[in-house]
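Secondary and tertiary structure notes
Read off the chains here:
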Number of protein chains: 2
Amino acid sequence: CVSKCNYSEVSMAATFARLLLGRTSVLTAVMPKILTIRSLGDFSGLGKLNHVAIAVPDLEKATSLYRDVLQAPVSDVDLLPEHGVKVVFVNLPNTKIELLHPLGENSPISAFLEKNKSGGIHHICIEVENIKDAMGTLMAKNIRLLSEEPKIGAHGKPVVFCHPKDCGGVLLELEEL
Amino acid sequence: CVSKCNYSEVSMAATFARLLLGRTSVLTAVMPKILTIRSLGDFSGLGKLNHVAIAVPDLEKATSLYRDVLQAPVSDVDLLPEHGVKVVFVNLPNTKIELLHPLGENSPISAFLEKNKSGGIHHICIEVENIKDAMGTLMAKNIRLLSEEPKIGAHGKPVVFCHPKDCGGVLLELEEL
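Worth saying up front: this structure is predicted, and the values here are computed from it rather than measured.

This brings us to the nonpolar core. Where a protein is soluble and globular, its nonpolar side chains tend to be buried together. Residues A:I124, A:L174, B:I124 and B:L174 are the most contacted members of the largest nonpolar core, which totals 70 residues. In this structure A:L174 touches A:L46, A:I126, A:V128, A:I131, A:A134, A:L138, A:P158, A:V159, A:V160 and A:C162, once residues within four positions along its chain are discounted.

All names here are of chain A. Inspection of the entire model under this criterion finds 10 salt bridges over all chains. Between K132 and E149 there is a salt bridge, and its shortest N-O distance comes to 3.6 Å. Taken as a pair, K132 in helix α5 (residues 131-140) and E149 in the loop between α5 and β6 (151-152) lie far apart in primary sequence, 17 residues in all. Judged by its relative accessible area of 26%, K132 is partly exposed.

A few words on the interface of chain B and chain A. How big an interface is tends to be stated in terms of accessible area lost as the parts join. Every contact between the two is made by 46 residues of chain B and, on the other side, 46 residues of chain A. Carbon and sulfur atoms supply 72% of the area buried between chain B and chain A, which totals about 3900 Å² over both sides. When the buried surface of chain B facing chain A is broken down by residue, B:V69, B:L70 and B:N94 rank first, second and third, together holding 15% of it. Inspection of the chain B/chain A interface yields zero salt bridges. Applying the counting criterion to the chain B and chain A interface returns 11 residue pairs in polar contact (both at pLDDT 80 or more). Of all the elements in the fold, those that place two or more residues in the side of chain B that touches chain A are β1 (49-55), α3 (59-69), β5 (120-128) and α5 (131-140) of chain B. Class assignment for the residues of the side of chain B that touches chain A results in 26 nonpolar, 13 polar and seven charged.

Backbone-to-backbone hydrogen bonds pair the strands of a sheet. The strands run either parallel or antiparallel. All names here are of chain B. Spatially, the eight strands line up as an open sheet ordered β2-β3-β4-β1-β5-β8-β7-β6, and their pairing is mixed. Because the sheet does not close on itself, it has two edges, and the strands there are β2 (78-80) and β6 (151-152). Here β1 runs beside strand β4 (residues 96-102); their pairing, made up of five bridges, is parallel. When the bridges of β4 are listed, H51 appears paired with K96. Running at roughly 145 degrees to strand β8 (residues 172-176), α5 makes contact with β5, β7 (158-162) and β8 of the sheet.

With an RMSD of 0.0 Å, the operation that places chain B on chain A is a rotation of 180 degrees combined with a shift of 0.0 Å along the axis. On this basis, the relationship between the two copies can be described by a two-fold rotation axis. No C-alpha of chain B approaches the rotation axis more nearly than that of B:N94, which lies at 3.0 Å. Take the interface residues of chain B: 100% of them recur as interface residues in chain A, which is what a same-surface contact looks like.

Turning to the pairing of β4(B), a few remarks are in order. Each regular strand carries side chains that alternate between the two faces of the sheet. The buried fraction of β4(B) amounts to six of the seven residues, a majority that puts the element mostly inside the structure. Connecting the antiparallel pair strand β3 (residues 85-91) of chain B and β4(B) is a turn made up of four residues.

Let us now look at the confidence of the model for chain A. For chain A, per-residue confidence averages 82 on the pLDDT scale, and 77% of positions sit at 70 or higher. Taken together, the stretch residues 1-39 of chain A has pLDDT below 50 and engages in 52 contacts with residues farther than four places along the chain or on a different chain.

Residue and element names in this part refer to chain A. Position of E129 relative to the elements: it lies in the loop between β5 (120-128) and α5. Sequence separation between E129 and F43 is 86 residues, and the spatial gap between their C-alpha atoms is 8.2 Å. With residues up to four places along the chain from it excluded, the contact list for E129 reads S44, E176 and L177.

Conventions and cut-offs
- Counting restarts for each chain: residues are numbered from 1 in the order of the written sequence.
- For this description, chains carry letters from A and ligands carry numbers from 1, given in the order in which they are written.
- For this predicted model, a pLDDT threshold of at least 70 governs which residues receive local features, and a threshold of 80 or more governs which side-chain atom pairs are given and counted, while totals over whole chains, interfaces and linings are taken from all residues.
- Excluded from the side-chain calculations are hydrogens and water; all other atoms, namely the structure's heavy atoms, are used.
- As used in this record, nonpolar core signifies buried Ala, Val, Leu, Ile, Met, Phe, Trp, Tyr and Cys residues forming a set joined through side-chain atoms within 4.5 Å.
- Accessibility here uses a 1.4 Å probe with only protein chains present; expressed as a share of the type maximum, an area under 20% marks a residue as buried, one over 50% as exposed, and anything in between as partly exposed.
- Only heavy atoms enter the contact rule, under which two residues are in contact if any of them lie within 4.5 Å.
- The working definition used for a salt bridge is a side-chain nitrogen of Lys or Arg within 4 Å of a carboxyl oxygen of Asp or Glu.
- Secondary structure follows DSSP: runs of H or I at least 4 residues long count as helices, runs of E at least 2 residues long count as strands, and numbering of each begins at the N terminus.
- Summed over both partners, the accessible surface that disappears when two parts come together, traced with a 1.4 Å probe, is what is meant by buried area.
- Definition of a polar contact: a pair of N or O atoms within 3.5 Å, with one able to donate and the other able to accept a hydrogen when the atoms are protein atoms, and with sequence-neighbouring residues admitted only if both atoms are side-chain atoms.
- Under this grouping Gly is polar, as are all residues other than the nonpolar Ala, Val, Leu, Ile, Met, Phe, Trp, Tyr, Cys and Pro and the charged Asp, Glu, Lys and Arg.
- Criterion used throughout: strands pair if DSSP finds at least two bridges between them.
- Axis lines are fitted through C-alpha atoms, for helices just across the contact stretch, and the angle between N-to-C directions can take any value from 0 to 180 degrees.
- The copies are overlaid by a least-squares fit using only the C-alpha atoms of residues whose pLDDT is at least 70 in both copies.
- The predictor's confidence in any single residue is recorded as pLDDT, a number from 0 to 100.

Structure follows, in structure tokens:
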């Protein structure tokens, strides 16, 4: 409802009311409220596109496409068990493509690959200067986030994911640099 | 079959045989063969990520997300009837997001939006120095292309799309700069 929203105290109050009435504890509900109020106006906007993440059913085959056919420099395979993925980075002159393959039984990309047998673009990641400012601004404007606090992402930086239904169908990751 | 292919004269011959045996006329079959032979080894690899294209069901709503919430500079709406799309560009410091919405009855993204009601990432576009060198290399390595000749893309530059099934499920556009 981006275009219909009235970005005002009303939406802040609604956000807070939703948090208090939901299953969130008072303690965790207070933090987003503080963030929301502190951050309005502080968010400095989007930075660089950090990467485009592609979930692939065959990591070696996808790596070979970018390395051997398209002649881009690629990284070694990186195992990230805490994120449930194996990753290869394809380095382009201005950004990266991140090839993701499930690692372990509860990989967050297994369901995606079940639905998209040939693979597909899983998310895009854009840099922000301050993740909490970004989160506060997004929440105040009714963009749902997938976690109430930043998490440490695959690059060791704080990240948050935004709900695809509020972002034109796109899973949007914001990463603090 | 990227990882299994033997990138040799065998695959060139197979490509040529397939073209001759298929529905392609001898005239159009000759051109890819010439391209293939001329281009092996000439392709200089991938350049910058030119844009990520997102098909959206509501262009104003998506534009507002990037302009008003995420505070990125966005272009005016550009009507491209010859491509069947309306476009808004979101300018990031290192690349662009292209928001696509159908224009006219036979828009190439209508079917995509039928399947993806909330919208979604439609393709990524990567720059190459010479589109015919790139096409020759891709064809020689059995990556299917969606046209036998470059077309003039939305930015007035020669482009070609690669078959998603040969590219990890991703619709990959190559654009000559």
